[in-house]
Amino acid sequence: MCKTKTSTHVVTPKPRKYLRRPSNSFSNSNSNSNSSSTNFTTTDYTATFSSKSSIASRTSLSSLRDSLPENPHIYHFSEICSATNNFLSKKFSSSSSSASWRSTIRGRDVVIFQRKLRRSLELHQLCERLSIICRSHHSSIIKLLGASVSGNYIYLVYEYVSGSNLANCLRNEKNRSFTILSTWLSRMQIATDLAHGLDYIHNFSALNSNVIHNHIKSTSIIVTEQESEPICAKFCHFGTAELCGEVGESKDGKVKKIEGTRGYMSPEFLVSGIATQKTDVYAFGVVILELLSGEEALRFVFDEGSGAYKRISVIENATQVIAGGGGGLRRWVDRRLKDSYPVDVAEKMVVLGLQCVDENPEKMPDMRQVAGFVSRFYLESKTWAEKFGLPTDFSVSLAPR
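Residues numbered from 1 in each chain as written. Predicted model: local features only at pLDDT ≥ 70, side-chain atom pairs only at ≥ 80, totals over all residues. Heavy atoms only, no water.

- An unreviewed UniProt entry lists the protein under the name Protein kinase domain-containing protein, with Xanthoceras sorbifolium as the source organism.

Thoughts on the overall build of the protein
Point 1. Scanning the protein from terminus to terminus reveals 13 helices and 16 strands.
Point 2. A buried classification covers 47% of the 401 residues belonging to the protein.
Point 3. Restricting the contact set of the protein to residue pairs at least 6 apart, pairs at least 24 apart contribute 70%.
Point 4. When the accessible surface of the protein is summed, it comes to about 19,700 Å², and 50% of that surface belongs to carbon and sulfur atoms. (Helix = DSSP H or I, 4+ residues; strand = E, 2+ residues; numbered from the N terminus. Buried < 20%, exposed > 50% of the residue type's maximum accessible area, 1.4 Å probe, protein only. Contact = heavy atoms within 4.5 Å. Areas by Shrake-Rupley, 256 points an atom, 1.4 Å probe, with all protein chains shown as cover.)

A word on the packing of aromatic side chains
Point 1. Going through the model one piece at a time under the given rule, you end up with nine aromatic pairs.
Point 2. Aromatic pair tryptophan 384 and phenylalanine 388: ring centres 5.9 Å apart, planes at 55°, arrangement tilted.
Point 3. Taking the relative accessible area as the measure of exposure, tryptophan 384 reaches 18% and is therefore buried.
Point 4. Classification of phenylalanine 388 by relative accessible area gives exposed; the value is 53%.
Point 5. Through successive ring pairs, a cluster of aromatic residues spans Phe77, Phe87, Trp101 and Tyr155.
Point 6. Positioned over the ring face of tyrosine 160 is arginine 102, at 3.6 Å from the centre of the ring.
Point 7. Positioned above the aromatic ring of tyrosine 341, the side-chain terminus of arginine 330 is 5.4 Å from the ring centre. (Phe/Tyr/Trp six-rings, centres within 6.5 Å; stacked < 30°, edge-to-face > 60°. Lys NZ or Arg CZ within 6 Å of the ring centre and 35° of its normal.)

Things to note about the sheet that holds strand S10 (residues 232-235)
Point 1. Spatially, the three strands line up as an open sheet ordered S8-S9-S10, and their pairing is antiparallel. The sheet is open, and its two borders are formed by strand S8 (164-165) and S10, each paired with just one other strand.
Point 2. Across four bridges, the pairing between strand S9 (residues 221-224) and S10 is antiparallel. Bridge pairing in S10 places threonine 224 opposite cysteine 232.
Point 3. This element, helix H6 (residues 184-203), spans S9 and S10 of the sheet and lies at about 35° to S10. (Pairing = 2+ DSSP bridges. Axes fitted to C-alpha atoms, helices over the stretch in contact; angles between N-to-C directions.)

Overview of the nonpolar core
Point 1. By size, the foremost hydrophobic cluster in this structure holds 84 residues, and its most contacted members are Ile154, Leu166, Leu181, Trp184, Phe284 and Trp332.
Point 2. Not counting residues within four places of it along the chain, the set of residues in contact with leucine 166 comprises Leu181, Ile190, Ser218, Ile221, Val223, Val287 and Leu291. (Core = buried A, V, L, I, M, F, W, Y, C linked by side-chain atoms within 4.5 Å.)

Some details on the side chain of serine 313
Point 1. Within the secondary structure, serine 313 is located in strand S15 (residues 308-313).
Point 2. Apart from residues no more than four positions distant in its own chain, serine 313 is found in contact with Ala297 and Leu298.

Points about a nonpolar patch on the surface
Point 1. A cluster of nonpolar residues, Phe300, Phe302 and Tyr309, forms a patch on the protein surface that exposes about 380 Å² of accessible area.
Point 2. Take phenylalanine 302: it is sitting in strand S14 (residues 298-303). (Patch = residues over 30% accessible without salt bridge, like charges linked within 9 Å, V, L, I, M, F, W, Y side chains within 5 Å. Salt bridge = Lys/Arg side-chain N within 4 Å of Asp/Glu carboxyl O.)

Side note on the side chain of threonine 84
Point 1. The residue threonine 84 is located in the loop between helix H3 (77-83) and strand S3 (93-94) in this model.
Point 2. Excluding residues that lie within four positions of it along the chain, threonine 84 makes contacts with Ser89, Trp101 and Ile112.

Digging into the environment of phenylalanine 92
Point 1. Position of phenylalanine 92 relative to the elements: it lies in the loop between H3 and S3.
Point 2. For phenylalanine 92, a relative accessible area of 15% puts it in the buried group.

Details of the environment of arginine 176
Point 1. Here arginine 176 lies in the loop between helix H5 (166-170) and H6.
Point 2. A relative accessible area of 58% places arginine 176 in the exposed class.
Point 3. For the pair arginine 176 and arginine 336, spaced 160 residues apart in sequence, the C-alpha to C-alpha distance is 9.7 Å.
Point 4. A polar contact is formed between the side chain of arginine 176 and the side chain of glutamate 173, at a distance of 3.0 Å. (Polar contact = N/O pair within 3.5 Å; in protein donor to acceptor, adjacent residues only side chain to side chain.)

Focus on the pattern of salt bridges
Point 1. Per the stated rule, a full pass over the model turns up nine salt bridges.
Point 2. The salt bridge partner of arginine 176 is glutamate 173, with a shortest N-O separation of 3.0 Å. As far as burial versus exposure is concerned, arginine 176 and glutamate 173 are alike and both exposed.
Point 3. For glutamate 316, the salt bridge goes to arginine 311, with nearest N and O atoms at 2.7 Å.
Point 4. On the basis of relative accessible area, arginine 311 is assigned to the partly exposed category, the value being 43%.

Quick word on the pairing of S9
Point 1. Residue alternation in S9 divides its side chains into two sets, Ile221 and Val223 and Ile222 and Thr224, and both sets are buried.
Point 2. As judged from the two bridges shared by S8 and S9, these two strands associate in the antiparallel manner. What sits directly across from asparagine 165, in S9, is isoleucine 222.

Observations concerning unusual backbone geometry
For residues besides glycine, phi is generally negative; the peptide bonds are generally trans as well.
Point 1. The residue asparagine 85 is not glycine, and still its phi comes out positive at about 55°.
Point 2. Among the secondary structure elements, asparagine 85 is positioned in the loop between H3 and S3.
Point 3. Positive phi is not limited to glycine here, since aspartate 339 has a value of about 60°.
Point 4. Position of aspartate 339 relative to the elements: it lies in the loop between helix H11 (329-332) and helix H12 (343-356).
Point 5. Residue classification places aspartate 339 among the partly exposed residues on the basis of a relative accessible area of 46%.

Structural notes on the pairing of strand S5 (residues 108-116)
Point 1. By the bridge criterion, eight bridges tie strand S4 (residues 98-105) to S5 in an arrangement that is antiparallel. By the bridge assignment, tryptophan 101 is partnered in S5 with isoleucine 112.
Point 2. The hairpin formed by S4 and S5 contains two residues between the paired strands, and arginine 106 there has a positive phi angle of roughly 50°.
Point 3. As defined by bridge partners, S5 adjoins strand S7 (residues 153-159) across seven bridges and the pair is classed as antiparallel. When the bridges of S7 are listed, arginine 115 appears paired with isoleucine 154.

And the structure:
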């Protein structure tokens, strides 16, 4: 969850499970013990084997423990002050809604987000909500470790994840002709991670059935890699809406959204101010169209002819492409992919993205359906790549060129 640049590997995605597999160091240690201890006496051999097995077992258990959801921390405000040098440390990022600092708390590398409370929050309420949110665990969601409340602000402490946000990956300000997502499979990997992560939030997390993410946009998605893992995408800010009071129950039991980002807000929200899981689906559809085209969700460019600014929407452009037939698809899909992608799958992805941003929420698919479609399209893409012998395991760099 940062601006740090790192190398990434674009490879076939491994099955995403809610808990990571424990390391295989135990079996490796056993084989190494046998080969390295053959010249020892029986007593020494047994001691060595037992010692190495014990160490390997502890390593496996430690690895498993690290992958499990941990109890949330209620940090004392003094810890937040100390970690941020009384908020004088250089900010990790800053926006109109929050500021953040990268720091270390209780031995963990973290990012601290400062957000304004939309309504008062008692300590017991904070503990209850944190315990529920931290029960949720998925490889495509950045972990919330704990929180602290002081005055009108809440300080959310998330694990630090090395990488770069999706917006920067697609639109490199230093070199607009370069992107780390230079292959079709890398973009389908991102789409697959995000689809299954949001499906988990909506349908399998520890929260109630009305849970929404409420902060889906390309700047809130981190593209990263982990050791022995392919390039992947993770959602930031899961749980922020609940803890900050950005959502609340209305009389009909729906969730009311307080604020949003232009270009990602669904029409029904703009009219009613009521957010549901379908508003997340809408924002996800916009991200998919960004991912395919490399364009911003919404931008304004100066038109010299009219002397006014012209509004350019990625949704409107994608709609025109599909309405005009397949001829315009290659001109619309990000040119940095160099026409190296299955056109039929690309068209299916565009159609799926447009279904997610349908003006009628009743016609939108839910995230379980979306995740199924995206997974199918990924497999079709993989088959296409294997047919043409395209490499799927090369390395690229997050660093600017």
